[in-house]
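Now for the letters of each chain:
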Amino acid sequence: MGSITANPFQDIPEARTEPIFLLVYTRQMKGKHMYFPVYWRIVSTQTLGASGGCHAGAVLLRDHYEPWKRSGKPEIFIPDDTWCKFPILTSSVVPCSDQLPVNHPFLFKSAGIKPTIIPYFNHKTNSFDFEAFTATLRELPAQSVILIQSNAQNPTGSDPSPQQWRELATIFSQRGHLAFFDAAYPGFASGDIDTDLQGVRFERVGLLSVLTANEDTAKKLEVQMKLLARAESGAPPDFGSKIVETVLSDEALKAQWREEVRDMANRLKQRRLRLREGLEKLETPGNWNHITEQNGMFSYIGLSVEQVTLLRDEYHVYLQDSSRISIAGLNNFNIDYVARSISAVVKATTK
Ligand SMILES: Cc1ncc(COP(=O)(O)O)c(C=O)c1O
């Protein structure tokens, strides 16, 4: 065992906000469609992963979002199916119960913000419920804050289409709503990071970014962010941010990283296709198109709790009661077995 020679306290890292870290990130954020002036209106700080980003964003809003300060009632609207799960909804806007073991609402609640659920997923079509979501957005008080995942939505796998993103942007802007994006999986849906961030232009691995109205506000907010970073994680882990900086500031490494994200997303797509084809070949009752229409690592496969229980008890195929499966858990060795098991269960339970 080697002896400790360096002073462990001489190089305590701070949350990275220095130009190189932000530059490499922000170049990423700019994407293909972000025009140059916006660049100066983005303020970012390193955070402890995506959970840390959500929490830091929650605290920042709680302390500085004017409409909340005026009303004294901070409230965030969160999709019914989100990281991770709510019970089935009975009405369009329902206050969360205190005990819900659901990450997003729990996280905002712990920051003193009331989480309220709004519809997002249509269990009949197994896809994003654009009509219900937009109807709710129109009904909510002006300047509401709405949490939305940028792509490869966890747990449903269902995202807005490019056209729907455009319409959502129009409604957000008409109503003066603030979109709180959780972008945990850029690249996991299409394989292309820019494409996946069409709804928002920012990057992950622990980064909180705020697009402000002008450069002056950005400078003021930067001061608050530095204070916040101190409070949230005084000396954050340095290693991850150094990896990001190394990869994104080197063109060859960056290209390799993008390629690997693409390969990974393609593998997820192939597994989705193979599962769907497996179910169709076995003439499994029902429509399985949604498996390939959804995105990313997770999928609401569309089974009832009874079917999920049978799968678990009879076939030892384990998925959540919500019927969320992890596509990443399927491989060459188990995918046919999973398809056969699902098919058998659906046939046994379909009248
Ligand atoms: C949508 C979403 N946001 C945030 C997180 C948390 O990410 P992290 O592990 O980086 O805190 C997850 C992880 O599952 C997630 O799916």
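Above this text sits the structure in question.
Residues numbered from 1 in each chain as written. Predicted model: local features only at pLDDT ≥ 70, side-chain atom pairs only at ≥ 80, totals over all residues. Heavy atoms only, no water.

In total, this model carries nine aromatic pairs according to the counting rule given. Aromatic side chains tyrosine 120 and phenylalanine 128 sit 4.7 Å apart centroid to centroid with 45° between the ring planes, which places their arrangement in the tilted category. Across the pair, exposure class does not vary: tyrosine 120 and phenylalanine 128 are buried alike. Centroid distance tyrosine 185 to phenylalanine 298: 6.2 Å. Interplanar angle 70°. Geometry classified as edge-to-face. Note that tyrosine 185 is positioned in the loop between strand E10 (178-182) and helix H8 (193-196) and phenylalanine 298 in strand E12 (residues 298-300), a separation of 113 residues in sequence. Neither tyrosine 185 nor phenylalanine 298 differs from the other in exposure class; each is buried. (Phe/Tyr/Trp six-rings, centres within 6.5 Å; stacked < 30°, edge-to-face > 60°. Buried < 20%, exposed > 50% of the residue type's maximum accessible area, 1.4 Å probe, protein only. Helix = DSSP H or I, 4+ residues; strand = E, 2+ residues; numbered from the N terminus.)

Proline 155 follows asparagine 154 through a cis peptide bond whose omega is 20°. Looking at the secondary structure, you find proline 155 in the loop between strand E9 (145-149) and helix H7 (162-175). The phi torsion at glutamine 143 lies on the positive side, around 65°, for a residue other than glycine. Here glutamine 143 lies in the loop between helix H6 (130-139) and E9. Residue classification places glutamine 143 among the partly exposed residues on the basis of a relative accessible area of 34%. Despite not being glycine, glutamate 283 has its phi angle at roughly 50°, a positive value.

With that settled, consider the environment of threonine 309. Checked against the element boundaries, threonine 309 lands in helix H13 (residues 305-315). For threonine 309, a relative accessible area of 30% corresponds to the partly exposed category. A sequence separation of 14 residues divides threonine 309 from serine 323, and the C-alpha atoms of the two residues are 9.8 Å apart.

Orientation of H6 relative to H7, taken along the N-to-C sense of each, is 10°, at an axis distance of 10 Å. The angle between H6 and H7 falls in the class roughly parallel. Where H6 crosses over H7, the handedness of that crossing is right-handed. Judged by residue contacts, Phe130, Phe133, Thr134, Leu137 and Arg138 of H6 engage Gln164, Glu167, Leu168, Ile171, Phe172 and Arg175 from H7. Of the residues that constitute the contact of H6 with H7, the class distribution is six nonpolar, two polar and three charged. (Axes fitted to C-alpha atoms, helices over the stretch in contact; angles between N-to-C directions. Parallel < 35°, antiparallel > 145°, perpendicular 65-115°, else oblique. Left-handed = near helix turned anticlockwise from the far one by under 90°. Contact = heavy atoms within 4.5 Å. Nonpolar A, V, L, I, M, F, W, Y, C, P; charged D, E, K, R; others polar.)

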